[in-house]
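Examining the three-dimensional arrangement
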Amino acid sequence: MSYNHSFHSAPQASRGMIFTPRGPPRKPRQSGFALWVGNLPPSAGIADLKDHFSRDATKSIESFFLIAKSNCAFANYRTEASCTAAMHRFHDSRCNGVRLPPALTHSESPDSELESPGTPTIVRGPPANPLAKVEPGPAVTASKCLRILASFFILKSLTSQDLDASVRRGAWTTQVHSEAALNAAFECAENFYLIFSANKSGEYFGYARMISPISGDLAAARSPAVSDHLSPAEGPQIIHTPATSTAPSGRIIDDSARGTIFWEAEDVIDDDGSEWKEQTSNDLSVEQDLGRPFDIEWISTNKLQFFRTRGMRNAWNANREVKIARDGTELEPAAGWRLLRLFHGVGS
């Protein structure tokens, strides 16, 4: 579901409060090529099932999403070819003595099980990219800066639940050491775009425009606040799984309190042996070093998988691929404009 989002109608975050709410269940990593499997034996656990459907697909399997209440699951593969091969390979196969009938399905099928009506997808038109002089380098100071058309930063979140909460409230909180750079860019740019991704999600969550500077008392912002999330004991459990004879290393996300459990590969490996790793933030340091909330306007929450940005590089980050970025990495404007257009299905 999508609709045009009005910032003024969105709930706003209160100044001085840090929100750590839980949003809808997180979705497993997927590239759009899913194999539906029914008639799963109740005795088969997700660890056994991911091993079974990783057979001869160690480098191409991405995730395995179990729907226990329906005795079915979705095995997600990186490419259409690997998914089709898996369908033929596992046709009439048996797991724990039970015959499994796999079938190809559309990429939206796993999502439909996880979709939450409380966090709609935001889709607005892509921003205009008029011909403009390219800035010589990243913004480093907010004093007496030359006014530029746009700036682009990559921001990382520990979880997609925090991003869902940001969409509902129209606010974000970054790390303290990133605040000065964000404020400098906000002061110097006519439009300041923030492109978000959750750690180890394998995709960009969406992008927003920063509409207020970061200000206020840091001590007050760090004071305890009432939140609307479940207790830690009720939160999702992350169980790391070592590589087996058939499956790559990965992790099980067990959020049984909300009926979600899936496994996803830790890293995606290309056919040439190179790893598709994203740079992630240290969980502990992020949690302890959050700063003050500021207002943002979400423009799109269309998901953009990293494989769609293959070959796109950031000249302001040692010419690395754009997906290789830490929290607070600034994008060279040409790469930033191109990335934004991909959220709207423009370009490749």
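What comes next is a walk through the structure.

**Quick look at the environment of E203**
You can see E203 is positioned in strand β12 (residues 203–204). Under the relative-accessibility criterion, E203 is labelled buried at 18%. For E203 and F307, which are 104 residues apart along the polypeptide, the C-alpha to C-alpha distance reads 8.3 Å. With near-sequence residues (within four places) excluded, E203 lies in contact with S197, A198, K303, L304, Q305 and F306.

**Observations concerning helix α5 (residues 179–188)**
Of the residues making up α5, those classed as buried are E179, L182, A184, A185 and C188. Contact partners of the buried residues in α5: β9 (148–157), β10 (171–175), β11 (189–198), β13 (206–210) and β19 (290–300).

**Remarks on the sheet that holds β19**
Spatially, 6 strands are ordered β10-β19-β13-β11-β9-β23 in an open sheet, and the strand pairing comes out mixed. On the outer flanks of this sheet lie β10 and β23 (329–331), each paired with one strand and no other. With direction set aside, neighbouring strand axes in the sheet form an average angle of 40 degrees. Where β13 lies against β19, 4 bridges are found, and the strand directions are antiparallel. From the neighbouring strand, A208 faces β19, where its bridge partner is W298.

**What to know about the nonpolar core**
L49, F53, F64 and Y77 are the most contacted members of the largest nonpolar core, which has 23 residues in total. Looking at this core, the elements with two or more residues in it are β2 (33–37), α1 (46–53), β3 (61–67), β4 (72–77), α2 (80–90) and β16 (260–265). Beyond its immediate sequence surroundings of up to four residues, Y77 is in contact with S31, F33, L35, F53, A57, S60, I61, E62, S82, C83, A86 and F90. Membership of the second largest hydrophobic core comes to 20 residues, among which are A150, I299, A325 and W337.

**Some words on the pattern of salt bridges**
If the charged atoms of two oppositely charged side chains come close together, the side chains can form a pair. Enumeration according to the criterion identifies 5 salt bridges in this entry. Its salt-bridge partner being R292, residue E179 comes within 2.6 Å of it at the nearest N-O pair. Remark: R292 occurs in strand β19 and E179 occurs in helix α5; sequence separation between them is 113 residues. Here E179 falls in the buried class, since its relative accessible area comes to 4%. For the salt bridge of E264 with R251, the shortest nitrogen-to-oxygen distance reads 3.0 Å. Here R251 lies in strand β15 (residues 250–255) and E264 lies in strand β16, a separation of 13 residues in the sequence.

**Observations regarding the side chain of Q305**
Residue placement: Q305 occurs in strand β20 (residues 304–305). Setting aside chain neighbours within four positions, we find Q305 in contact with Q30, S31, G202 and E203.

**Digging into α1**
Within α1, burial applies to I46, L49, K50, H52 and F53. Buried residues of α1, viewed axially, fall in a sector of 160 degrees; they line one side.

**Some details on the packing of aromatic side chains**
Counted under the stated rule, the structure contains 13 aromatic pairs. When the ring of W172 is compared with that of F196, the centres are 5.1 Å apart and the planes differ by 75 degrees; the resulting orientation is edge-to-face. Of this pair, W172 sits in strand β10 while F196 sits in strand β11, and the two are 24 residues apart along the sequence. Taken individually, W172 and F196 each receive the classification buried, so the pair is uniform in this respect. Centroid distance Y193 to W337: 6.0 Å. Interplanar angle 65 degrees. Geometry classified as edge-to-face. Taken together, the residues span a long stretch of sequence, with Y193 in strand β11 and W337 in helix α8 (residues 333–343) at a distance of 144 residues. Classification of W337 by relative accessible area gives buried; the value is 8%. Here a set of aromatic residues connected by ring pairs shows up, and it is made of F152, Y193, Y204, Y207, F306, W337 and F343. Directly above the ring of F205 sits K303, whose terminal nitrogen or CZ lies 4.3 Å from the centroid.

**What about the pairing of β4?**
Most of β4 sits out of view: 6 of its 6 residues are buried. Where burial is concerned, the two faces of β4 agree: the one with C72, F74 and N76 and the one with A73, A75 and Y77 are both buried. In the sheet, β3 pairs with β4 via 6 bridges, with the strands oriented antiparallel. Each residue of the ladder has a partner; that of S63, found in β4, is N76. Here β3 folds back onto β4 in antiparallel fashion, the turn holding 4 residues, of which N71 has a positive phi close to 55 degrees.

**Looking at the side chain of T173**
Tracing the sequence through the fold places T173 in strand β10. For T173, the residues in contact, after removing those within four places along its chain, are L290, G291, R292, P293 and F294.

**What to know about the environment of A265**
By secondary structure assignment, the location of A265 is in strand β16. With relative accessibility at 3%, the residue A265 sits in the buried group. Residues A265 and F64, spaced 201 residues apart in sequence, show a C-alpha to C-alpha distance of 8.9 Å.

Calculation rules
- Residues numbered from 1 in each chain as written.
- Predicted model: local features only at pLDDT ≥ 70, side-chain atom pairs only at ≥ 80, totals over all residues.
- Heavy atoms only, no water.
- Helix = DSSP H or I, 4+ residues; strand = E, 2+ residues; numbered from the N terminus.
- Buried < 20%, exposed > 50% of the residue type's maximum accessible area, 1.4 Å probe, protein only.
- Contact = heavy atoms within 4.5 Å.
- Pairing = 2+ DSSP bridges.
- Axes fitted to C-alpha atoms, helices over the stretch in contact; angles between N-to-C directions.
- Core = buried A, V, L, I, M, F, W, Y, C linked by side-chain atoms within 4.5 Å.
- Salt bridge = Lys/Arg side-chain N within 4 Å of Asp/Glu carboxyl O.
- Arc of directions from axis to C-beta.
- Phe/Tyr/Trp six-rings, centres within 6.5 Å; stacked < 30°, edge-to-face > 60°.
- Lys NZ or Arg CZ within 6 Å of the ring centre and 35° of its normal.

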